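Letter by letter, the chains look like this.
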Amino acid sequence: MLSNIPVHTMVRPLISVIIPTHGPRAALLSRAIKSAIDGLSKEDVEIVLIPNGAGPGWRDICSEYADMCQLVVVEQEQADRNLARAKGLSVARGRYVRFLDDDDYLIPSQAAKQYDALLSEPTLDVCSSPVSIVDSDGVVISTRELPNTNDFVTSILLPSRIPLFLAHVFKTETAKSVGMPLDVKRAEDAVFLLRLCRLHEIRWVSLTHPAAAWYQHQTGRISSHKGFQIGRKIIAAELFELFRHLQSKSQLTSERRNATADALWECVHKGFPRQPWYWSMIGKEVLQTFPNSKPSQLPKMLTLNGHLNPLIGEWGLVPIWQIILAYRALKSTIFKDGYKRIV
């Protein structure tokens, strides 16, 4: 279903904000839309709303904001955020596009600076900003800063990357040339960014202040921690694929090579406690590809200051990790610890 505004009469907006919405989260959705349109004219902003497996509350929200922005609604019965984003991207008409989950929100004054930065240099493909992590009381818990580099590919390769969609604004044609990775069900934002690096040498600018808030809360959601290991495996495969592509195109700088090794070792280190045999095999592949690399996350004492194979150190931590994981599981069961969103 499209909004009742005839598409052919709409002015092409500056920015399309794609917002999938799911479940009874009308108050959060209203906040997300308000943050996306605040300070912009109706001609400047298009909200592409994709209710997927959602209740009827979104209809009232549409009525509330229909006169404040160019509004397009694409309904989808299936609760699938990635498919919803794909549908939203396919109809987005803005010069630039960004993705915003219904429970997160933009910081309007800083988001406007992202648009200004892109407009000031028309050849740019992406503008990125840090992200504030905010609790249910609106208090900033921490800030995810952008990696310290001038190279977009390196910024996406490094373990300190920000894979969250809400950190980035894309030139619409560039985003559409990549498309949503419908072949994966986890880590789709990171996969999109890694594939973007495979398809284009991205022209990029980054800003220093957060332009969006990533909201931590207990409201019902369709994502969970259960598939987090799957996400790491997917990211590791994409990292190897991007490395091979950059190597074949003679685009593999030393900075990019080191960043890829660091990112792969992070996957190995974080995945090892739960699936040591699998990640040991991946670690061997990392050592074959990057013979002199070492995981920065692993205490040097476990490898005799780098003289031993780092996988020996990872195996040495397994018994300790098993105790820690058992304690966390027991604590979660007894105290019903809340869900926390993890990058």
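As the structure is a computational prediction, the values presented were derived from the model and not from experiment. (Residues numbered from 1 in each chain as written. Predicted model: local features only at pLDDT ≥ 70, side-chain atom pairs only at ≥ 80, totals over all residues. Heavy atoms only, no water.)

A. Structural detail: the overall build of the protein chain. Along the backbone of the protein chain there are 11 helices and 11 strands. Across the 343 residues in the protein chain, those meeting the buried criterion constitute 53%. Of the contacts formed within the protein chain by residues at least 6 apart in sequence, a portion of 77% connects residues at least 24 apart. Counting every atom, the protein chain has about 16000 Å² of accessible surface; 56% of that belongs to carbon and sulfur. (Helix = DSSP H or I, 4+ residues; strand = E, 2+ residues; numbered from the N terminus. Buried < 20%, exposed > 50% of the residue type's maximum accessible area, 1.4 Å probe, protein only. Contact = heavy atoms within 4.5 Å. Areas by Shrake-Rupley, 256 points an atom, 1.4 Å probe, with all protein chains shown as cover.)

B. Broad picture of the nonpolar core. Counting 53 residues, the largest nonpolar core has Phe 152 and Phe 170 as the members making the most contacts within it. Those residues in contact with Phe 152, other than ones at most four positions away along the chain, are Val 126, Ser 128, Leu 193, Leu 196, Cys 197, Ile 202 and Trp 204. Among the nonpolar cores identified, the runner-up in size contains 39 residues, and Val 17, Ala 36, Ile 37 and Ile 61 belong to it. (Core = buried A, V, L, I, M, F, W, Y, C linked by side-chain atoms within 4.5 Å.)

C. A look at helix α2 (residues 57-65). For α2, the full list of buried residues reads Trp 58, Ile 61, Cys 62 and Tyr 65. Taken down its axis, α2 places every buried residue within 105° of arc, on the same side. Among the exposed residues of α2, those pointing more than 90 degrees away from its buried face are Asp 60 and Ser 63. Check the buried side of α2 and you find it contacts β1 (15-21), α1 (26-37), β2 (45-51) and β3 (70-73). (Arc of directions from axis to C-beta.)

D. Molecular detail of the pattern of salt bridges. A complete count under the given rule lists 16 salt bridges for this structure. A salt bridge links Asp 80 to Lys 185; its shortest N-O distance comes to 3.1 Å. Pair noted here: Asp 80 is in the loop between β3 and α3 (81-91) and Lys 185 is in the loop between α6 (172-178) and α7 (188-199), with a separation of 105 residues, a long-range link. In this structure, Glu 238 and Arg 195 form a salt bridge, with 2.8 Å as the shortest nitrogen-oxygen distance. Of this pair, Glu 238 sits in helix α8 (residues 228-248) while Arg 195 sits in helix α7, placing them 43 residues apart in sequence. The two residues Glu 238 and Arg 195 agree in class, both being buried. A network of salt bridges, in which partner residues are shared, links Arg 81, Arg 85, Asp 101 and Glu 188. (Salt bridge = Lys/Arg side-chain N within 4 Å of Asp/Glu carboxyl O.)

E. Here's a closer look at the pairing of strand β9 (residues 168-171). Every second residue of β9 is oriented toward a common face, with His 168 and Phe 170 on one face and Val 169 and Lys 171 on the other, all of them buried. Across 2 bridges, the pairing between strand β4 (residues 96-99) and β9 is antiparallel. Across the sheet, residue Tyr 96 finds its bridge partner in β9, namely Lys 171. Two strands pair when backbone bridges link them, and strand β6 (residues 126-128) and β9 are joined in this way by 3 bridges, in the antiparallel orientation. Counterpart to Cys 127 in the pairing with β9 is Val 169. (Pairing = 2+ DSSP bridges.)

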